[in-house]
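Here is how the chains run, residue by residue.
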Amino acid sequence: MTASSETRAPAAPAAPPVPADPAERGGVRHGVGTDAPRPDGVLKVTGEFAYSSDLWADDMLWGATLRSPHPHARIRGIDLTEAVRLPGVYAVLTHEDVPGAKYYGLERADQPVLADGKVRYQGEPVAIVAADHPETARRAMMRIAVDYEVLEPVSDARRAAFDPACPPVHGPAAPPEPGGAARPANVVRYQPVRTGAFAAGAGLDEVRAQADVIVTGEYQVGMQDQAFLGPESGLAVPAADGGVDLYVATQWLHVDQSQLAPCLGLPPEKVRLNLAGVGGAFGAREDLSMQAHACLLALRTGRPVKMVYHREESFFGHVHRHPATMRYEHGARADGTLVFATMEIVLDGGAYASTTSAVVGVASSMAVGPYEVPNVRVDAYGVYTNNPPCGAMRGFGAVQACFGYESQMDRLAEALGMHPVELRIRNAMSEGSRTATGQPVDMPLPMADMLARARALPPPAEPETGPGTDPRRLPGGVAGTTRGEGVVRGVGYGVGIKNICYSESFDDYSTARVRLELVGGEPAVQVHTAAAEVGQGLVTVQQQVARTELGVERVVVRPADTAVGSSGSSSASRQSYMTGGAVKAACEAVREAVFRLARERGLPPGADDALELRGGAVVTRLGAVVAELAELLADTAVEETRVFRHRPTRPMDPLTGQGDAHVQFAMCVHRAVVDVDTELGLVRVVELAAVQDVGRALNPLQLAGQIHGGSAQGLGLALMEEVQVRDAAVRNPSFTDYLIPTILDMPPMRVEILEHPDPHAPYGLRGAGEPPTLSSTPAIIAAIRAATGRPLAHAPVRPEDIVGLPVP
Amino acid sequence: MEFLRPADWDEALAMRAELPGARPLMGGTDVMVELNASGSEFGRPAELPEALIDLSGLPEPRGHGPDGGWLRLGAGVPYTRIVAELAARAPALAAAARTIGSPQIRNRGTVGGNLGAASPAGDAHPPLLATDAQVELASRGEVRRVPARDFYLAPRRTELRPDELIAAVLLPPAAGPQRFAKVGTRNAMVIAVCSFAIELRPALGEVGTGIGSAGPVPLRAHEAEDFLRAELADRWEARRPLPEAVERRFGELAARAARPIDDVRGSAAYRRHAVGVLARRTLRWAWEDYRKGADPCG
């Protein structure tokens, strides 16, 4: 890994000066910019870390969920008699037992806590049980008699989007929004974008006439699962005040709380959430899963209730990535300059809205990718069907769009006879460009440089073939399907753009409380936020920020809970920016308070001298010690709470999509090299090199981990990951048949980090978790196309696609 | 459901005779997964056996050694040991064992379990078919040996009677080069989309084949075997490279022998195609092994 020096942009005025050796700042170790070790690292590697599924209370009961086997059915009746009679069963609840609001949801309260007389997807919770043992709960569930009237499911997203005769999944269409047009009942959100001639009302043929070359394509992205390893789980403990304390693995404690409290019929302060150990998230923990059910059972029985989904259940217990069908058309002049782009994107949201609206916002605003295109026409739809509900997953609508536009760029390069990197550089956005939604890019965006660097990387070694070759180095791996027969190498590139933080006028903020005091005579810092450590390393980053800002090495991050204000979601690559920003702001306030304390005591003698906190002391800028913290604080604790907001964003215009909807843009470039067994349709990714600009690397080691992980998740989408749904039923809800990459599928990565600071962001940082997930998929598929000459319009690519057989 | 731990093999056979509904358990890599994935969250009744007979503590099924000119492989020898100890003696079976699951699964899983589960996708089946192995079935008072080619009756149904345990497999004397290859959509830890095994028996002028995961049961490619036997009849001695047309035709006939279906792991058409490719390639490799007279496991 290297940091760019020659291409570093001039330091922006808003970013604080960062010394070359971060250890010097405040004379503190493991501050910002270092590979500070994770406090949870050793525990996780040695298997000692307590995940939410490890929670235990001595008198607890086990909760279990009875789910609908049908994607669409009316419930004529539920008979609980036999289940309730079973010894060891403490409660069996249905929607009638929900004391408060019967529905919840992140964007729309359209999802019943328990099925409300109808089930709208396979696996929808119908009844819940609390029992003295998981096996008792299981037996009780088999004694619940549910009388279903099975209905035809709505399973075709395009039909849901465009056919006015398609039956509504939820009810009749809402009246059109002001200025909007009436649309089919199943459309959750329609978002157009219009620029240039399209905004002026020109027809497609008129615009086409300006182009020398036109390419069209239809692409599909399959339903990807987040495949976190820690299943949905938690422990709800009833409290003496009539409330409940919930320990749970989630991404956003406060949004869980705000959805739970109304359903439980309790004021928010009586629904207290504590973050339990999170075994991965990737968006799948944004929506509620077992939270309300465990709380209902605990409140009903007066006993702690633990719920843990098993693996198959987990596939039905959380939202997935929206499958997409996309129609793209691009026109360019003979020199490669883009003239126009049109795209129609249909995202299948499944049975409940979840975050579909926001996903449509991202997909539509990022639909063109990081390219300057004068005439754009985007039509993006998110729809209800009876398919599994879809919502947040790393990349959030931008992943789907990226597969479309990058496939098109390759197709266009081929039609023009240009190198795919050259075409991309010719049309690359940069600082000062405007997005298709009219937003100026007011931060560095060194896309052309990133592409050039990716192209210039030395090529990997040629494939080894012949007898005696280690099969793990060839497509097919240990199964030994080739010794080189049919193997062809291909190279492909991908680049993607992702908005960072919440967009479209959302009030996005984070809260941090920082306390500085003496512990055992030594200065120590406590950081308290509600931000969810989901494995990404946020606890470490909070420590690093506090060390750097306060010059104190001993920093403890308290367990996240709702006793402090919201930190927003661990989503949208936003927590280093937002909670990092909040901790920084709170530390600055603590620092000022310490300086005030010093001045109140008449220190230093020259009162207007600028002060710093360094090495556990208040010092002058020149380094003279004014006061040791150990003396200054004595038994005083300095505590400050601050709320940090990013700059405001604006909604997208409902007709033109125009508006400064986003906070920050982040990019990654991948070069993929693959060996393809063209006869068997099997692939080995030989190299997956990444170039990413991160503004400022707060923790280079953790950053590399994010880029590796994001790239691997994109590799999974390129080659194997798809929840297969037929007639609205899931066919592969297990890790036997939902395949995720192993270490033999994922090559060691070459990662090049660039640091062009964003003047608007804390430390100049740029959110980094999502961009690699966008670009690795199209890069790998482009490489397979290069090796095979096949069009490959579906992600993931299946062996059938490579050998040219139909996929049933 | 009772969990029974017999003290020795005879007691295991007695339990099996008394409890025909009991399920024998060895490594548990199939049985336990099946029991745990009961589907109760959908209200489906669990299909639990009346008892489990845990054979994993018994020494008898865990050994291997010569039995006349044959190799007797205890039904409870885990795949890890087959890979480590039998690669030279049973190269196709060892190659298949190497492709199964993860190291942890290979430490527990056994050929006996593969035969007991009788999934058409089981990786041990094609090598057993290709090498004309036999399955030793024991009940109280009787031991019988069933050729692998007669063992598989239907998906998850075999010659095994309710009072019998799978004791061992018997592999004939090594007759010549063997090859195994399997298609999966990831490069390790994957269930077969399809697989193929071949054995050449120069001294007998014979060939054996096995097709996995491309039919209701593991299959032999009879027509392909007949074709190849005839083609090789006057080629054994000269040991010259095979004409590509022979390899190709062998692949076509093997593909024709497959009886695959469409499922989540792949389409029937792809499986048929891939069986043909695997047959063609494994024949080439096996013939190269024969020509060099080399260690066939290379």
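Residues numbered from 1 in each chain as written. Chains lettered and ligands numbered in written order. Predicted model: local features only at pLDDT ≥ 70, side-chain atom pairs only at ≥ 80, totals over all residues. Heavy atoms only, no water.

An unreviewed UniProt entry lists chain B under the name CO/xanthine dehydrogenase FAD-binding subunit, with Allonocardiopsis opalescens given as the organism.

With an unreviewed UniProt entry as reference, chain A is termed Xanthine dehydrogenase molybdenum binding subunit apoprotein, source organism Allonocardiopsis opalescens.

**Student:** Would you explain the overall build of chain A in this entry?
**Tutor:** Of regular secondary structure, chain A possesses 19 helices and 33 strands. Against the compact-globule benchmark of 28 Å for 808 residues, chain A has a radius of gyration of 27 Å, which places it among compact chains. Dimensions of chain A, computed from the C-alpha atoms along their principal axes, are close to 80 × 75 × 65 Å. Taking all 808 residues of chain A together, 63% fall into the buried category. Of the contacts made within chain A by residues no fewer than 6 positions apart, 79% connect residues no fewer than 24 positions apart. Summed over its atoms, the accessible surface of chain A is roughly 27,800 Å², and 53% of this surface lies on carbon and sulfur atoms. Of the charged side chains in chain A, 72 are positive and 94 negative, and the gap between their average positions amounts to 1 Å. (Helix = DSSP H or I, 4+ residues; strand = E, 2+ residues; numbered from the N terminus. Rg over C-alpha atoms; globule rule 2.2 N^0.38 Å. Buried < 20%, exposed > 50% of the residue type's maximum accessible area, 1.4 Å probe, protein only. Contact = heavy atoms within 4.5 Å. Areas by Shrake-Rupley, 256 points an atom, 1.4 Å probe, with all protein chains shown as cover. Lys, Arg positive; Asp, Glu negative; His and termini not counted. Charge placed at Lys NZ, Arg CZ, Asp CG, Glu CD.)

**Student:** How do you make sense of unusual backbone geometry when you look at a structure like this?
**Tutor:** Most peptide bonds are trans, and most residues other than glycine sit at a negative phi. Residue and element names in this part refer to chain A. Residue P796 is bonded to the preceding A795 through a cis peptide linkage, with omega at 5°. Among the structural elements, P796 can be located in the loop between β33 (794-795) and α19 (799-803). We note that H30 has phi near 60°; this positive angle belongs to a residue other than glycine. In this fold, H30 is placed in the segment before α1 (41-45). The exposure class of H30 is partly exposed, given its relative accessible area of 22%.

**Student:** Help me out: how do you make sense of the sheet that holds strand β11 (residues 178-183) of chain B in this one?
**Tutor:** Note on sheets: strands pair through backbone hydrogen bonds, and any given pair is parallel or antiparallel. Residues and elements named next belong to chain B. Spatial ordering of the open sheet is given by β11-β12-β13, a layout of three strands whose pairing is antiparallel. Lying at the two open borders of the sheet, with one neighbouring strand each, are β11 and β13 (206-212). Strand-to-strand twist in this sheet, taken as the mean axis angle between neighbours without regard to direction, amounts to 10°. As judged from the six bridges shared by β11 and strand β12 (residues 194-201), these two strands associate in the antiparallel manner. Across the sheet, Q178 pairs through a bridge with E199, a residue of β12. Sitting on the sheet, helix α11 (residues 268-292) is in contact with β11, β12 and β13, with an inclination near 30° to β12. (Pairing = 2+ DSSP bridges. Axes fitted to C-alpha atoms, helices over the stretch in contact; angles between N-to-C directions.)

**Student:** It is not clear to me how the domain arrangement of chain A should be interpreted in this structure. Could you clarify?
**Tutor:** Size of an interface: often given as the accessible area lost when the parts come together. Each domain of chain A was delimited in the assignment, giving domain 1 (52-151 + 232-308), domain 2 (444-501 + 659-803) and domain 3 (509-645). Of note, the centres of domain 1 of chain A and domain 2 of chain A, computed from C-alpha atoms alone, are 38 Å apart. (Domains from an automatic or database assignment.)

**Student:** Sorry, what's going on with the interface of chain B and chain A here?
**Tutor:** Taken together, the contact between chain B and chain A spans 43 residues of the former and 51 residues of the latter. The largest contributions to the chain B side of the interface with chain A come from E41, F42 and N187 of chain B, which together make up 22% of the buried area. At the surface where chain B touches chain A, the tally comes to five salt bridges. R483 of chain A is paired through a salt bridge with E288 of chain B; the nearest N and O atoms lie 2.4 Å apart. Linking chain B with chain A are 20 residue pairs in polar contact (both at pLDDT 80 or more). Taken together, the elements giving at least two residues each to the side of chain B that touches chain A come down to β11 and α11 of chain B. The dominant element in the side of chain B that touches chain A, judged by the number of residues it contributes, is α11 of chain B, at twelve residues. When grouped by side-chain class, the residues that make up the side of chain B that touches chain A number 19 nonpolar, ten polar and 14 charged. (Buried area = accessible area lost by both parts, 1.4 Å probe. Salt bridge = Lys/Arg side-chain N within 4 Å of Asp/Glu carboxyl O. Polar contact = N/O pair within 3.5 Å; in protein donor to acceptor, adjacent residues only side chain to side chain. Nonpolar A, V, L, I, M, F, W, Y, C, P; charged D, E, K, R; others polar.)

**Student:** Would you mind going over the packing of aromatic side chains with me for this structure?
**Tutor:** How two aromatic rings sit relative to each other is set out by the distance from centre to centre and by the angle between their planes. All names here are of chain A. Applying the stated criterion across every chain yields a total of 20 aromatic pairs over all chains. Members of the aromatic cluster, connected to one another through ring pairs, are F162, Y190 and Y381. Here R285 stacks its cationic end above the ring of F228, 3.9 Å away from the centre of that ring. (Phe/Tyr/Trp six-rings, centres within 6.5 Å; stacked < 30°, edge-to-face > 60°. Lys NZ or Arg CZ within 6 Å of the ring centre and 35° of its normal.)

**Student:** How should the sheet that holds strand β25 (residues 617-620) of chain A be read in this particular structure?
**Tutor:** Residue and element names in this part refer to chain A. Read across the sheet, three strands follow the order β24-β25-β26 without closing on themselves; strand pairing throughout is antiparallel. What marks the edges here is a single partner per strand, and that holds for β24 (611-614) and β26 (625-628). For this sheet the average axis-to-axis angle between neighbouring strands, irrespective of direction, equals 25°. Sheet analysis places β24 next to β25, joined by four bridges and oriented antiparallel.

**Student:** What is the right way to read the domain arrangement of chain B from this model?
**Tutor:** All names here are of chain B. Assigned domains of chain B: these are domain 1 (2-118 + 134-171) and domain 2 (178-292). Computed over C-alpha atoms only, the centres of domain 1 and domain 2 are separated by 26 Å. Of the residues lining the interface, 15 residues belong to domain 1; the matching set on domain 2 comes to ten residues. Counting each side, the surface lost to burial between domain 1 and domain 2 is near 930 Å², with a carbon and sulfur contribution of 68%.

**Student:** Could you clarify how one ought to interpret the packing of helix α9 (residues 222-232) of chain B against helix α10 (residues 244-257) of chain B in this entry?
**Tutor:** Angle between the axes and distance between the axes: these two values describe a pair of packed helices. Residues and elements named next belong to chain B. Look at α9 against α10: their axes get within 8 Å of each other, and the N-to-C directions meet at 160°. Taken together, the axes of α9 and α10 are roughly antiparallel relative to one another. For the pair α9 and α10, contact is made by E223, A224, E225, F227, L228 and E231 and by V246, R249, F250, L253, A254 and R256, respectively. In the contact of α9 with α10, the residues fall into seven nonpolar, no polar and five charged. (Parallel < 35°, antiparallel > 145°, perpendicular 65-115°, else oblique.)

**Student:** How do you make sense of the nonpolar core when you look at a structure like this?
**Tutor:** In globular proteins that are soluble, nonpolar side chains generally tend to be buried together. In this structure, Y328, L719, I780 and I784 of chain A are the most contacted members of the largest nonpolar core, which totals 96 residues. Counting residues per element, this core draws most heavily on helix α11 (residues 398-416) of chain A, at ten residues. Not counting the four nearest positions on each side in its chain, Y328 of chain A is found in contact with V215, T216, G217, Y219, T342, M343, I345, A367, A401, G404, Y405 and Q408 of chain A. Core analysis: the next-biggest nonpolar cluster, separate from the first, contains 65 residues, A94, L219, L228 and V246 of chain B among them. (Core = buried A, V, L, I, M, F, W, Y, C linked by side-chain atoms within 4.5 Å.)

**Student:** Whenever I open this one, helix α7 (residues 253-264) of chain A confuses me. Can you help?
**Tutor:** Residues spaced three or four apart along an α-helix point in a common direction, a consequence of the helix completing one turn every 3.6 residues. Residues and elements named next belong to chain A. Helix length check: α7 (twelve residues) gives 16 Å between terminal C-alpha atoms against 16 Å at 1.5 Å per residue, within 8%. Within α7, ten of the twelve residues are buried, which leaves the element mostly enclosed by the surrounding structure. Those residues of α7 lying buried are L253, H254, V255, D256, Q257, Q259, L260, A261, C263 and L264. Contact partners of the buried residues in α7: β4 (103-104), β12 (244-248), β13 (271-275) and α8 (291-301). Positive backbone phi, at 70°, marks G265, one or two positions downstream of α7. (Expected span 1.5 Å × (residues − 1).)

**Student:** Honestly, the side chain of S503 of chain A in this entry has me stumped. Any pointers?
**Tutor:** All names here are of chain A. Along the chain, S503 falls in the loop between β20 (487-500) and β21 (509-519). Among the polar contacts made by the side chain of S503, one reaches the side chain of N499 at a distance of 2.9 Å. Residues contacting S503, with those up to four places away along its chain left out, are T649, A661 and H662.

**Student:** What is the right way to read the pairing of strand β7 (residues 142-147) of chain B from this model?
**Tutor:** Strand residues, when the strand is regular, have side chains that alternate between the two faces of the sheet. Residue and element names in this part refer to chain B. One ladder, built from six bridges, connects strand β6 (residues 134-139) with β7; its direction is antiparallel. Among the inter-strand pairings, L137 is bridged to a residue of β7, identified as R144. The turn joining β6 and β7, which pair antiparallel and follow one another in sequence, is formed by two residues; a positive phi near 90° is taken by G141.

**Student:** What is the right way to read the packing of helix α14 (residues 538-550) of chain A against helix α15 (residues 575-600) of chain A from this model?
**Tutor:** Residue and element names in this part refer to chain A. One can describe the packing of α14 onto α15 by two numbers: an axis separation of 9 Å at closest approach and a directional angle of 30°. In terms of orientation, α14 lies roughly parallel with respect to α15. In the crossing of α14 with α15, the sense of the turn from one axis to the other is right-handed. Here L538, V541, Q542, V545, A546, E549 and L550 of α14 come into contact with α15, specifically with Q575, S576, T579, G580, V583, K584, C587, E588, V590 and R591. The class makeup of the residues in the contact of α14 with α15 is eight nonpolar, five polar and four charged. (Left-handed = near helix turned anticlockwise from the far one by under 90°.)

**Student:** In this structure, what is going on with the pairing of β12 of chain B? I would like to understand it.
**Tutor:** Residue and element names in this part refer to chain B. Burial within β12 is extensive, with eight of its eight residues counted as buried. By the alternation rule, side chains of β12 split into C194, F196, I198 and L200 and S195, A197, E199 and R201, which are all buried. In terms of strand pairing, β12 meets β13 through seven bridges, oriented antiparallel. Along β13, the bridge assignment pairs A197 with G210. The turn linking β12 back onto β13 is made up of four residues, and G205 within it adopts a positive phi angle of 70°.

**Student:** What's the story with the side chain of H330 of chain A in this structure? I'm lost.
**Tutor:** Residue and element names in this part refer to chain A. The residue H330 is located in strand β16 (residues 324-332) in this model. Classification of H330 by relative accessible area gives buried; the value is 1%. Among the polar contacts listed, one links the side chain of H330 to the side chain of Q408, at a separation of 3.1 Å. Residues contacting H330, with those up to four places away along its chain left out, are V213, I214, V215, L338, F340, A341, M343, Q408 and M409.

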